[in-house]
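The chain contents come next:
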Amino acid sequence: MKNREVFAGERASTYDTGIKLWCPDYDFTQALIPSLLGSYLSYTNESSILVAGCGTGTEMKNIVQYAPKWQVMGVDPSLEMVALAEKKLAILPPGSYQLITGTTDQLPNSTLYDAATLLLVLQFLSDDGAKLALLQSLALRLKKDAPLIIFDIFDLAGSFRQQVSLLKAYLLQQGVAPTTVEQGTSHIIHDINYITEDRLQELLYEGGFGKALKFKQTFIFGGWITQKQ
Ligand SMILES: C[S@@+](CC[C@H](N)C(=O)[O-])C[C@H]1O[C@@H](n2cnc3c(N)ncnc32)[C@H](O)[C@@H]1O
């Protein structure tokens, strides 16, 4: 069972620049997160947001800058990604965020959050119980009706390879070297545990969430919002 993905060394230090290239609308998606949360939570009230797999802290920074009354808890098993997040978040008011190195299931479940995000994380876990366990661990830590935003690599109705071809053409047009494009897309095809949207909906249902609403898709990247049941 693959229940985490290691982000260390160069993979961690080059993450912020690399992801913007490989995930064409990464910045746009990140910019959407606060307003998506804001359609469920009030900006003027205090709310707690669990950011699972926070990586270098981009969504945490965007959320707090948009809604200073909200508090974010970032959790990530990579020491190096958490260290990069610490640096990025140092500009935020003290007390507006907390960072923990670890996985979501290691957080106490006595505190229930008002919302959660899971951006580019589920895709790494195997669908042999690990994806479900992560979703269940989130459900256990959310209040009823709390929104969960998911952004993930997925298979749009069996068109995965075709979508990867479209991504490849985009990367080449951006000037990425053909060998780099081949290596990167081969990694995506062979190492990512992508699933269909139907399977995601099944896992969400089993994990304690409602039917997810898809808010975007570009090539292999999809975004959904669901709620804890
Ligand atoms: C592709 S990065 C995404 C980071 C950030 N959410 C973003 O959108 O930029 C994936 C992150 O998930 C973390 N991760 C891997 N397995 C995890 C797990 N089981 N639970 C939580 N985070 C995990 C990795 O350490 C890594 O920092």
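Residues numbered from 1 in each chain as written. Predicted model: local features only at pLDDT ≥ 70, side-chain atom pairs only at ≥ 80, totals over all residues. Heavy atoms only, no water.

- The chain is annotated in an unreviewed UniProt entry as Methyltransferase type 12 domain-containing protein of Adhaeribacter arboris.

Concerning the side chain of T117
Part 1 of the reasoning: Counting through the fold element by element, T117 comes out in strand β4 (residues 115-119).
Part 2 of the reasoning: Filtering out sequence-adjacent residues up to four positions away, T117 remains in contact with I33, L37, L50, V51, A52, E59, I63, L148 and I149. (Helix = DSSP H or I, 4+ residues; strand = E, 2+ residues; numbered from the N terminus. Contact = heavy atoms within 4.5 Å.)

Side note on the sheet that holds strand β7 (residues 221-227)
Part 1 of the reasoning: Spatial strand order, β3-β2-β1-β4-β5-β7-β6: 7 strands in an open sheet with mixed pairing. Taken across any chain shown, the strands that pair with only one partner, and hence form the sheet edges, are β3 (97-101) and β6 (213-218). Across the sheet, the mean angle from the axis of one strand to that of its neighbour is 15 degrees, orientation sign disregarded.
Part 2 of the reasoning: Here strand β2 (residues 70-76) pairs with β3 via 5 bridges, running parallel. Residue pairing in the sheet places M73 in a bridge with Q98 of β3. (Pairing = 2+ DSSP bridges. Axes fitted to C-alpha atoms, helices over the stretch in contact; angles between N-to-C directions.)

Here we look at helix α5 (residues 79-89)
Part 1 of the reasoning: Among the residues of α5, those classed as buried are M81, V82, A85, K88 and L89. The buried side chains of α5 occupy one side of the element, clustering within an arc of 115 degrees when seen end-on. Along α5, the residues that are exposed and aim more than 90 degrees away from the buried face are L79 and K87.
Part 2 of the reasoning: Lining the buried residues of α5 we find α1 (9-13), α2 (15-22), α4 (58-66), β2 and β3. (Buried < 20%, exposed > 50% of the residue type's maximum accessible area, 1.4 Å probe, protein only. Arc of directions from axis to C-beta.)

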